[in-house]
Amino acid sequence: MTLALLLPLFAIFSHYDISASFEFSNYTSSIIFFTVYQSLLSALLSIVVGSLLAFLLNTYNNFYFVKIIAQTQSILFVLPTIITIFGILSFYGNYFEIYGLTGILIGHVILNTPLVSRVIYQSLNDISPNEKILSRQMGLKTMSSFIASEWPIIKKNIPSLFVLITFICFVSFTPVLILGGGPKYSTLEVSIYYSVIFSNNFNAALNLLFFQLIICFSIYFIFFKNFRSQNFLIDDKRHIKTYFNLTLLNLFGLLILLLITLVIFSPILFIIVKGINKELFNILTSTYLWEAIYNTLIICFFSGIASIFIVYNLLVLTHKKTKISESLIYSLIIFSPAVMAVGYYILLFKLNLMYLPNIIIVIILNSFFVLPFTYNYLAPSFFRVIKENDDIANSLNLYGLSRFLTIDLPRLKKSLITAFCVSSILSASDLVVISFFGTNNLSTLTQTIYRLMGSYRMNEAYSVSLVLLIFCFIYFFLAHKILEKNKWKIH
Amino acid sequence: MKTKILSIIFILITISPISAKEVLVVGTYDSFSAEWGPGPVIETEFEKNCNCDVQYVSTSQAGTLANEIFLKDKDVILGVEMHEFDYTSENWNIYDYGYFSFIYNEETLKDIPNSFEELINQTNLKIVVQDPRTSPVGLGLLRWMKLTHPDNFPTILKKFNNNVLTYTPGWSEAYGIFLEGKADLVLSYSTSPFYHQEYEDEYKYKAIEFTDGHLATKEIVYVRPDSEKQKLGKEFVEFMMRDDIQKIIAQMNIMYPASENDNNIPDKMRQLKKPKEFKYDDFLEAEPLIKIWLEVASS
């Protein structure tokens, strides 16, 4: 893991010229300030909206459509950022002065809310029904019941999600460039990208990356200090019926739920409207689409498996020292994707590994890049399960794989499935790795969308985006169906 | 597990197909090599005579074609812009060219500016252009503006910047925003209307002609000096200039063919008005222009 992070950096460092001086311009310092400001604010807003959404989804999840929303919200990550941004421009461009800080914040909230909401929703699902029933028996009102049972869980998820989203917004590229409206609103990542790719100036890139790391680690340590105390119950018979009463409060809650959903899903509505056009049929009968679907499926599946495998082992190895594993995993986000990809590129050359089939390189790199997300989906449940099961496992003398299969797996199943699905489709949305290591015979749906856009074929690009959405929908649905069918016995 | 992975990797390496044919690796950008681009047809045509195997390795990251690191194992590079080319290769050709230009929709924009001055004075115009740090097209605009206005470039740029809706990472995003009707003008090429006419039968998109003249952009194909396949590479570079290939390039790459004649220029492209070319002597370096742009546009 550490090697995976450091090797590409070493590779880039081999092009580093120690003697060169570094000019720290006014522009760079203003960008640093703005980046910190923008990313903290984006994270805060995403967490507020995301927690609210998760709470509402959990409260009303005896409605079928609410369940569907809860399950499918992660699909939003997979849309290529640019398509999401087109959706945002179409929906909100006419009502807001969209270019500038407002646009960046709207964009980041729409992009990240589903992530927050999905993680918290998952955790809220873990609340023991006993606890809920207890709180109801005690006659607690909505607010006090919320403070007693939901809030502690939401609160526990906040620090890691806050760091994750701050980092994502910190290195945000396309949303900040387009919605920012000009170089006044930019991120360090844009400058790093420019230095690495355009001006071949590795020195500047590494210096900027160095600043990025210092700032992000400071943020990390400030917000992560008082984290970790997972001491609530877990119960597997989690089918609690929330009885829905037609009260004003409940109606209001549902209204808010629908409103947030509408805002968050607006890019999807945009794609459905735009994707059904006269090119759709041509697209569906073209060979390149089906090749892309096939490649995407392979990359998704194996990257998903690989990242689950890595995260699980990392959790097992380091769950007593979470700070280390967490800081390693989160740093994957802030090690600029451009630098990492170029670093790996140089590295593979030096090791003479460019003859490896590209699909393997793409899968391996993708599974690294999605680790922070896989981790966020898996870790909370993992910590709870491990903690609870430690005594049983020790008394039964079960260790390693046998312990995993007999004791932990049945209880982790849900989180594993979710983490697998999300990591998979995040690999599908990758553009950096595939554009560095993809070849003509190896293009994914996301890359096909960009290629089509790059040659005037906007309608085709929208149609392929729609196909990508449907692909992810089916992928999610099938993964859940297949994996949930295999009922494991709970010992 | 490690041994498993290693053994899988080993198997995959050993079973990779061994071809007796000479392989020519062509590094290019992916709208060229895409299924709907000119790449596949050119590959088939060239392979008919060469007893070789043309393999495209394409990038979608603009700018990488000028980045040494990505060029290492390629024999031929196709699509590097003339400003980014270092001219160390002996075998190179310009295979197509075009002019930077602003595109508008004639149904929605009636008052057409015909110079940078007129453009900046129409303060209600919403323009979408590319970020010069991430897009060669955006950089092209700075060169064009600086060349036509050597004395008051920063002033013009500052006023122009007030009309700019946003700077996008690449050409695709800017053109997409324009097609969505979110901007009045987009920076593109004077041949862009040809695509809509030829493939969509749509005539409402037009290129503006500036009286000052337009900056030409030319695309180069060359053999890498350290490639071992100089002869084959040279054949490929020369092949690109054949009349039928030039026609395919113009038709599918939406640019003017470099060795233009009546046989190789598509009809609808011939009917487009070719803008006046702005002639100049020295290429302008990118860094100083970007520095000025950053100062002007971020204040």
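If you're wondering where the values come from, they're calculated on a predicted model, not measured in any experiment. (Residues numbered from 1 in each chain as written. Chains lettered and ligands numbered in written order. Predicted model: local features only at pLDDT ≥ 70, side-chain atom pairs only at ≥ 80, totals over all residues. Heavy atoms only, no water.)

A. Just the overall build of chain B, in detail. Within chain B one finds 13 helices and 10 strands. Considering chain B as a whole, with its 299 residues, one finds that 57% of them fall into the buried category. Summarising the internal contacts of chain B: among those between residues at least 6 apart in sequence, 77% fall at separations of at least 24. Accessible area for chain B stands at about 12,900 Å²; split by element, carbon and sulfur atoms hold 51% of it. (Helix = DSSP H or I, 4+ residues; strand = E, 2+ residues; numbered from the N terminus. Buried < 20%, exposed > 50% of the residue type's maximum accessible area, 1.4 Å probe, protein only. Contact = heavy atoms within 4.5 Å. Areas by Shrake-Rupley, 256 points an atom, 1.4 Å probe, with all protein chains shown as cover.)

B. Looking closely at the pattern of salt bridges. Residue and element names in this part refer to chain B. Inspection of every chain in the model, using the stated rule, returns 16 salt bridges over all chains. Taking the shortest distance from any N to any O, the salt bridge between Asp-131 and Arg-133 comes out at 2.8 Å. Like Asp-131, the residue Arg-133 is buried in the burial classification. Each of Glu-45, Lys-48, Arg-242 and Asp-244 takes part in salt bridges that share partners, so that together they form one network. (Salt bridge = Lys/Arg side-chain N within 4 Å of Asp/Glu carboxyl O.)

C. The packing of aromatic side chains, seen in detail. All names here are of chain B. Applying the stated criterion to the full structure yields 45 aromatic pairs over all chains. Between the aromatic rings of Phe-32 and Tyr-56, the centroid separation amounts to 6.5 Å while the plane-to-plane angle is 70 degrees, which identifies the pairing as edge-to-face. Highlighted residues: Phe-32 in helix α2 (residues 30-33) and Tyr-56 in strand β2 (residues 52-59), separated in sequence by 24 residues. Since its relative accessible area comes to 0%, Phe-32 is described here as buried. Note on Tyr-56: relative accessible area 6%, which makes it buried. With a centroid separation of 5.1 Å and an interplanar angle of 75 degrees, the aromatic rings of Tyr-167 and Trp-293 are classed as edge-to-face. Placement of the pair is Tyr-167 in strand β6 (residues 164-168) and Trp-293 in helix α13 (residues 286-297), with a sequence separation of 126 residues. (Phe/Tyr/Trp six-rings, centres within 6.5 Å; stacked < 30°, edge-to-face > 60°.)

D. Geometry of the packing of helix α2 (residues 26-59) of chain A against helix α11 (residues 248-275) of chain A. All names here are of chain A. For the pair α2 and α11, interaxial distance at closest approach is 10 Å and the crossing angle is 125 degrees. Here α11 runs oblique to α2, going by the angle between their axes. In the crossing of α2 with α11, the sense of the turn from one axis to the other is left-handed. Seen from α2, the contacting residues are Val-49, Leu-52, Leu-53, Leu-56 and Leu-57; seen from α11, they are Gly-253, Ile-256, Leu-257, Ile-260 and Thr-261. Broken down by class, the residue content of the contact of α2 with α11 amounts to eight nonpolar, two polar and no charged. (Axes fitted to C-alpha atoms, helices over the stretch in contact; angles between N-to-C directions. Parallel < 35°, antiparallel > 145°, perpendicular 65-115°, else oblique. Left-handed = near helix turned anticlockwise from the far one by under 90°. Nonpolar A, V, L, I, M, F, W, Y, C, P; charged D, E, K, R; others polar.)

E. View of helix α13 (residues 287-318) of chain A. Here α13 of chain A is 32 residues long and its end C-alpha atoms lie 46 Å apart, about the 46 Å a rise of 1.5 Å per residue gives. N-cap assignment for α13 of chain A: the residue whose side-chain oxygen lies 3.5 Å from the backbone N of Leu-289 of chain A is Ser-286 of chain A. (Expected span 1.5 Å × (residues − 1). Polar contact = N/O pair within 3.5 Å; in protein donor to acceptor, adjacent residues only side chain to side chain.)

F. A look at the interface of chain B and chain A. The interface of chain B with chain A comprises 60 residues on the first partner and 59 residues on the second. The interface formed by chain B and chain A holds two salt bridges in total. With a closest N to O distance of 3.1 Å, Arg-451 of chain A and Asp-30 of chain B form a salt bridge. One can count 12 residue pairs in polar contact (both at pLDDT 80 or more) joining chain B with chain A. In terms of residues, the side of chain B that touches chain A owes the most to one element, helix α8 (residues 171-179) of chain B, which gives seven residues. Per-class residue counts for the side of chain B that touches chain A are 26 nonpolar, 20 polar and 14 charged.

G. Region of interest: the nonpolar core. Counting 232 residues, the largest nonpolar core has Val-342 and Phe-437 of chain A together with Phe-102 and Phe-160 of chain B as its most contacted members. The biggest single contributor to this core is helix α21 (residues 458-485) of chain A, with 13 residues. Mapping this core onto the domain boundaries places at least three of its residues in each of domain 1 (17-97 + 218-271) and domain 2 (99-215 + 275-297) of chain B. Counting 31 residues, the second largest nonpolar core, distinct from the first, contains Tyr-56, Tyr-222, Val-237 and Phe-239 of chain B. (Core = buried A, V, L, I, M, F, W, Y, C linked by side-chain atoms within 4.5 Å. Domains from an automatic or database assignment.)

H. Just the environment of Thr-113 of chain A, in detail. All names here are of chain A. Residue placement: Thr-113 occurs in helix α5 (residues 101-125). On a C-alpha basis, the gap between Thr-113 and Ile-47 in space is 6.8 Å, while along the polypeptide they are 66 residues apart. Setting aside residues up to four positions removed in sequence, Thr-113 forms contacts with Ser-46, Val-49, Gly-50, Leu-53, His-108 and Ile-264.

I. Focus on the confidence of the model for chain A. Of the residues in chain A, 86% reach a pLDDT of 70 or more, and the chain-wide mean stands at 81. Contacts from residues 228-241 of chain A, a stretch scored under 50 in pLDDT, to residues over four places away or in other chains number 38 contacts. (pLDDT = per-residue confidence, 0-100.)

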